[in-house]
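# What the coordinates show
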Amino acid sequence: TSYGARDIRIIINEIEKWQNDYFSISGIFLDEVSVSTSKRPYYRDIIDAIHRRKMIVITNPGTQISESLGADIVVVFEGPLSRWHGVLSLNDIEMAAIVYACPKFQIAKVVEDAKKNVTWLYVTDDVGPNPYDNIPSYFRELCTLIAAASVEKSKVVNKCGTCRWWIAAKGR
């Protein structure tokens, strides 16, 4: 959403196109979400439009927030392992975290920290300007750790889009 700078009509047209071209999608990931209170109506309109299409909404401000604006899942952390300190619990917000530049020997600690408050988790050893362009080298181990940490069954969800990466997610 370019932190609320993109025209809402263009965003909704893109959502309609995605749903029409890929009718099996069940949700939309809104990236670069502003945390500014002045943008709340903008995001509520977009989120309402997605919900009217019977899809879930994931928003990514990439930082802790105080409210979900109606999104189903909110990415409350996006950054390198060096900045990861877990996340605080927020009432009534289903949270996700994205941790990159994480070596294999640290994934167990990240999963352990995340299981307290995070429902959706992506961890990768990838780095650079696009740390999401490859599946983590330890993908199977990550899935095993997440499955063991979850009281519900674990599942793997394919993220549709221009970059092809995977999210290991705890079951809902």
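Relevant structure appears above.
My aim in this report is to walk through the structure given alongside it, one point at a time. The model shown is predicted, which means the values in this text are computed figures rather than measured ones.

## Digging into the layout of surface pockets
Size it by volume and the second largest pocket reaches roughly 170 Å³. Looking at the second largest pocket, it is lined by 14 residues, and the ones nearest its centre are S34, V35, I65, E67 and L69. Considering only residue class, the lining of the second largest pocket consists of 6 nonpolar, 6 polar and 2 charged.

## Quick word on the packing of helix α3 (residues 107–114) against helix α4 (residues 139–149)
Packed helices, taken two at a time, are described by the angle their axes make and the gap between the axes. One way to put it is that α3 packs onto α4 with a least axis distance of 10 Å and a crossing angle of 30°. The pairing of α3 with α4 is recorded here as roughly parallel in orientation. Viewed along their axes, α3 and α4 form a crossing whose handedness is right-handed. For the pair formed by α3 and α4, the contact residues are I107, A108 and V111 on the first element and E141, L142, L145, I146 and A149 on the second.

## Some remarks on the nonpolar core
Among soluble globular proteins, nonpolar side chains are generally buried collectively. With 38 residues, the main nonpolar core has W84, L121 and V123 as its most contacted residues. Looking at this core, the elements that each hand over two or more residues are α1 (8–21), β1 (27–30), α2 (40–52), β3 (73–80), β4 (94–100), α3, β5 (120–123) and α4. Per-element accounting of this core gives the leading share, 5 residues, to α2. Apart from residues no more than four positions distant in its own chain, W84 is found in contact with F77, A97, V99, V110, D113 and A114. The next biggest cluster of nonpolar side chains, apart from the first, holds 8 residues, and it includes A96, I98, Y122 and Y132.

## A few points about the pattern of salt bridges
In the structure shown here, the tally under the stated rule is 8 salt bridges. A salt bridge links R53 to E16, with the nearest nitrogen and oxygen atoms 2.5 Å apart. Of the two residues, R53 is situated in the loop between α2 and β2 (56–59) and E16 in helix α1; the sequence distance between them amounts to 37 residues. Since its relative accessible area comes to 30%, E16 is described here as partly exposed. Measuring nitrogen to oxygen at the nearest pair gives 3.0 Å for the salt bridge that ties E141 to K104. Highlighted residues: E141 in helix α4 and K104 in the loop between β4 and α3, separated in sequence by 37 residues. Using a relative accessible area of 33% as the deciding quantity, one classes E141 as partly exposed. If you follow the salt bridges from partner to partner, you end up with K109, D113 and K116 in one network.

## Considering the environment of W120
Checked against the element boundaries, W120 lands in strand β5. With 46 residues separating them along the chain, W120 and V74 place their C-alpha atoms 9.2 Å apart. Of the polar contacts made by the side chain of W120, one reaches the side chain of E94; its length is 2.7 Å.

## A closer look at unusual backbone geometry
In this model, S2 sits at a positive phi of 55°, which is unusual for a non-glycine residue. Take S2: it is sitting in the segment before α1. According to the relative accessible area criterion, S2 is partly exposed, its value standing at 33%. If you check the backbone angles, Y3 has positive phi at about 55° while not being a glycine. Within the secondary structure layout, Y3 lies in the segment before α1. Of the residues examined, Y3 reaches a relative accessible area of 48% and is grouped as partly exposed.

Procedures and definitions
- Residues numbered from 1 in each chain as written.
- Predicted model: local features only at pLDDT ≥ 70, side-chain atom pairs only at ≥ 80, totals over all residues.
- Heavy atoms only, no water.
- 1 Å grid on protein atoms, 1.4 Å probe; cavity = no way out; pocket = protein on both sides within 12 Å on 5 of 7 lines; lining within 4 Å.
- Points joined across faces, edges and corners; volume = space filled by probe spheres on them.
- Nonpolar A, V, L, I, M, F, W, Y, C, P; charged D, E, K, R; others polar.
- Axes fitted to C-alpha atoms, helices over the stretch in contact; angles between N-to-C directions.
- Helix = DSSP H or I, 4+ residues; strand = E, 2+ residues; numbered from the N terminus.
- Parallel < 35°, antiparallel > 145°, perpendicular 65-115°, else oblique.
- Left-handed = near helix turned anticlockwise from the far one by under 90°.
- Contact = heavy atoms within 4.5 Å.
- Core = buried A, V, L, I, M, F, W, Y, C linked by side-chain atoms within 4.5 Å.
- Buried < 20%, exposed > 50% of the residue type's maximum accessible area, 1.4 Å probe, protein only.
- Salt bridge = Lys/Arg side-chain N within 4 Å of Asp/Glu carboxyl O.
- Polar contact = N/O pair within 3.5 Å; in protein donor to acceptor, adjacent residues only side chain to side chain.

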